[in-house]
Amino acid sequence: MVTMNSSEKVGQKAMQQGPSRESKCVKEDKDIHKEKEKKEVGIANLPPNVQALMSTIPSPEESPNYLIYKKMESIVEKMQDETTGVPVRTVKSFMSKIPSVFTGSDLVAWIMRHFRLEETWEALHFAHLLAAHGYLFPIDDHCLTVKNDNTYYRFQTPYFWPSNQWEPENTDYAVYLCKRTMQNKARLELADYEAESLARLQKMFSRKWEFIFMQAEAQSKVDKKRDKLERKVLDSQERAFWDVHRPMPGCVNTTELDPKKLSRINALKARRLRQCQELLLQHNIKTNPIVTITNPQEIEEEIQKNAEINTVKENGKKPILSILILVVARDSVRPN
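Residues numbered from 1 in each chain as written. Predicted model: local features only at pLDDT ≥ 70, side-chain atom pairs only at ≥ 80, totals over all residues. Heavy atoms only, no water.

*Asks:* Can you help me understand the pairing of strand β2 (residues 89-92) in this one?
*Replies:* For a regular strand, side-chain orientation follows a simple rule: the groups alternate between the two sheet faces. Across 3 bridges, the pairing between β2 and strand β3 (residues 97-103) is antiparallel. Within β3, the residue paired with K92 across the bridge is K97. The loop that links β2 with its antiparallel partner β3 comprises 4 residues. (Pairing = 2+ DSSP bridges. Helix = DSSP H or I, 4+ residues; strand = E, 2+ residues; numbered from the N terminus.)

Shown next as structure tokens:
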């Protein structure tokens, strides 16, 4: 039985908001915006030739996969359209509700209709690619594939889209796995490969495991305060995020970059930055020329004299010149 009620709105809200790190994400966005403003002000004060050269330095948006991500995301946004997109619904079973899901057959049908494809395998292949990159995922499986049947899938929140240049560390993964062990839900039980990863990470971070455990405990407490359906959606989205970045054995890691393209971009960045430094150095020499010493002997005598006066002051004695002035003044005041 399929229902369209307030529970679906809760699920959709959770999908848009992302996980409990939302407030942290907003703060990070503000910090990034401030840093960009400072950077722009700093660049505006640079010489024109340096500004022109810095504009040619590849930005993160020019990474090898970024353009592909943006194209895929534009299609996913069309899929999520409320009127013309893939029908997303809350499925009500006998004992529970499954919020914000769609079937694989609905997804394949939408792709065939939208791209006017004749062969089902083409639509299925494209759906596989979207799932492998983490834009949609099966709600009950760690393997990110799509089947043309009534299996339920869910869209990933934009917070976890790969275009955000995610580079999660092992400590983040350790916190996530540790948090999963604190929740006694069948859907949150660790798979065999996850349990092995947790044991390996615990050995790796043995010195700061207490800190990791405290972080996981704090996140778990925050999650428990959420609505039940919202928590279901967020848990599945976070799990899918880690299925992309720490895939199960046998699955392809789509977050890896082509080494040749990456090394080419990094080499170009280094060359441009080196050229900018050289231009800045030349500019500083022109604007602040080095002062040449015409008579080194006079300069040396002056430095030595100042050093002697400072030494006398440090020893708590008055300079000799001031003592002579006091003696002369006293003699002039004394009567004959």
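*Asks:* Sorry if this is basic, but what is going on with helix α5 (residues 104-115) here?
*Replies:* Helical geometry note: an α-helix holds 3.6 residues per turn, so side chains three or four residues apart project in the same direction. Compared with the 16 Å implied by 1.5 Å per residue over 12 residues, the 17 Å span of α5 between its first and last C-alpha is a close match. What α5 keeps buried is the set G104, L107, V108, W110 and I111. For α5, the angular spread of the buried residues around the axis is 160 degrees, confining them to a single face. Structurally, α5 contributes buried residues whose contacts are with α4 (66-79), β3, α6 (120-132), β4 (136-138) and β5 (152-155). Of the residues flanking the end of α5, it is R116, one or two places downstream, whose phi is positive at about 55 degrees. (Expected span 1.5 Å × (residues − 1). Buried < 20%, exposed > 50% of the residue type's maximum accessible area, 1.4 Å probe, protein only. Arc of directions from axis to C-beta. Contact = heavy atoms within 4.5 Å.)

*Asks:* I would appreciate a short explanation of the pattern of salt bridges in the present structure.
*Replies:* One pass over the full model with this rule turns up 7 salt bridges. Among the salt bridges present, the one from E73 reaches K70, with a minimum N-O distance of 3.6 Å. Pair noted here: E73 and K70 are both in helix α4, with a separation of 3 residues, about one helical turn. E73 gets classed as buried once you look at its relative accessible area, which sits at 3%. Between R239 and D243 there is a salt bridge, and its shortest N-O distance comes to 3.5 Å. With R239 and D243 both in helix α10 (residues 228-245) and 4 residues apart, this pair spans about one turn of that helix. You'll find R239 and D243 in the same group, each marked buried. Each member of the salt-bridge network shares a partner with another, and the members are K179, D223 and E238. (Salt bridge = Lys/Arg side-chain N within 4 Å of Asp/Glu carboxyl O.)

*Asks:* Even after reading the chapter, I still don't get the side chain of R239, so can you show me in this structure?
*Replies:* With relative accessibility at 10%, the residue R239 sits in the buried group. Within the local environment of R239, its side chain forms a polar contact with the backbone oxygen of P138, the two atoms lying 2.7 Å apart. At a separation of 3.3 Å, a polar atom in the side chain of R239 contacts the main-chain carbonyl oxygen of D141. Leaving out residues up to four positions away in the same chain, R239 has contacts with F137, P138, I139, D140, D141, H142, Y176 and R180. (Polar contact = N/O pair within 3.5 Å; in protein donor to acceptor, adjacent residues only side chain to side chain.)

*Asks:* In this structure, what is going on with the packing of helix α7 (residues 170-181) against helix α9 (residues 209-224)? I would like to understand it.
*Replies:* In a pair of packed helices, the angle between the axes and the distance between the axes together describe the arrangement. At a closest axis distance of 8 Å, the pairing of α7 and α9 adopts a crossing angle of 60 degrees. Judged on the interaxial angle alone, α9 and α7 are oblique. When you trace α7 past α9, the crossing you get is right-handed. Here A174, V175, C178 and K179 of α7 come into contact with α9, specifically with W209, I212, F213, Q215, A216, Q219, S220 and D223. When the residues that make up the contact of α7 with α9 are grouped by side-chain class, the tally is 7 nonpolar, 3 polar and 2 charged. (Axes fitted to C-alpha atoms, helices over the stretch in contact; angles between N-to-C directions. Parallel < 35°, antiparallel > 145°, perpendicular 65-115°, else oblique. Left-handed = near helix turned anticlockwise from the far one by under 90°. Nonpolar A, V, L, I, M, F, W, Y, C, P; charged D, E, K, R; others polar.)

*Asks:* Before we go on, may I ask you to explain the state of the cysteines in this structure?
*Replies:* Linking two cysteines covalently via their sulfur atoms produces the bond known as a disulfide. In total, this model carries 0 disulfides according to the counting rule given. Note on C143: no disulfide assigned, nearest cysteine sulfur contributed by C251 at a separation of 4.0 Å. A relative accessible area of 23% places C143 in the partly exposed class. (Disulfide = S-S within 2.5 Å.)

*Asks:* Explanation requested: α10 in the structure shown.
*Replies:* For α10, with 18 residues, the first-to-last C-alpha span of 26 Å sits near the 26 Å given by 1.5 Å per residue. Here α10 lies mainly inside the structure; 16 of its 18 residues are buried. Put simply, D227 is the residue that caps the front of α10, since its side-chain oxygen is 3.1 Å from the backbone nitrogen of L229.

*Asks:* When you look at unusual backbone geometry in this model, what are you seeing that I'm missing?
*Replies:* Peptide bonds are mostly trans, and most non-glycine residues show a negative phi. Of note, S100 is a non-glycine position whose phi angle comes to about 55 degrees, a positive value. Within the secondary structure, S100 sits in strand β3. Judged by its relative accessible area of 1%, S100 falls in the buried class. Within the chain, R116 stands out as a residue other than glycine whose phi angle is a positive 55 degrees. As for its position among the elements, R116 is in the loop between α5 and α6. For R116, a relative accessible area of 76% corresponds to the exposed category.

*Asks:* Please clarify how the environment of E238 should be interpreted in this entry.
*Replies:* Within the element layout of this structure, E238 appears in helix α10. As a C-alpha pair, E238 and F160 span 78 residues in sequence and 8.2 Å in three-dimensional space. Here the side chain of E238 touches K179 through a polar contact of 2.9 Å, side chain to side chain.

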